[in-house]
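Summary of the model geometry
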Amino acid sequence: MSSIVLTILLLVISNCFMTFAWYGHLKLQTMGVITDHTPLIVVILASWLLALPEYICQVNGNRMGFEGNGGPFTLMQLKIIQEVLSITIFTVFTVLVFKGQTLQWNHFAAFLCLVAAVYFVFLK
């Protein structure tokens, strides 16, 4: 598998874990799994448990993808790719998991700005 594909795959997996770690507890709260009486430390520890695989994939993806380690991407390119993946995965998560959250025209406009950022960061 090429280092480009593997880097992006690791960053996608990382962002899936990150999104669940950061926002999954909110869904669990709306489902009644977590209540107002659940100690905050329990929620934090559960999020950290999800964040561990996120960091494993993130660090490996960035190390593998960084041109300083023989990868295809500059540091700035890696960061822009990361941000686009993050907002894309967050958007899909929000629409699928949090029913009632709708996408507005300005969300699409913001996403187009991120796509433009990817275009510009890859210009020579």
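Here the structure is a predicted model, which means the values were calculated and not measured. (Residues numbered from 1 in each chain as written. Predicted model: local features only at pLDDT ≥ 70, side-chain atom pairs only at ≥ 80, totals over all residues. Heavy atoms only, no water.)

**Observations regarding the confidence of the model for the protein**
- Per-residue pLDDT for the protein has a mean of 91; in total, 100% of the residues score no lower than 70.
- No element of the protein has a lower mean pLDDT than helix 4 (residues 105–121), at 88, and none a higher one than helix 2 (residues 40–65), at 94. (pLDDT = per-residue confidence, 0-100. Helix = DSSP H or I, 4+ residues; strand = E, 2+ residues; numbered from the N terminus.)

**Topic: the layout of surface pockets**
- By volume, the largest pocket amounts to about 310 Å³.
- In this structure, the largest pocket is lined by 14 residues; those nearest its centre are I87, F90, T91, L103 and H107.
- Elements with a contribution of two residues or more to the lining of the largest pocket: helix 3 (75–97) and helix 4.
- In terms of residue count, helix 3 provides more of the lining of the largest pocket than any other element does, six residues in total. (1 Å grid on protein atoms, 1.4 Å probe; cavity = no way out; pocket = protein on both sides within 12 Å on 5 of 7 lines; lining within 4 Å. Points joined across faces, edges and corners; volume = space filled by probe spheres on them.)

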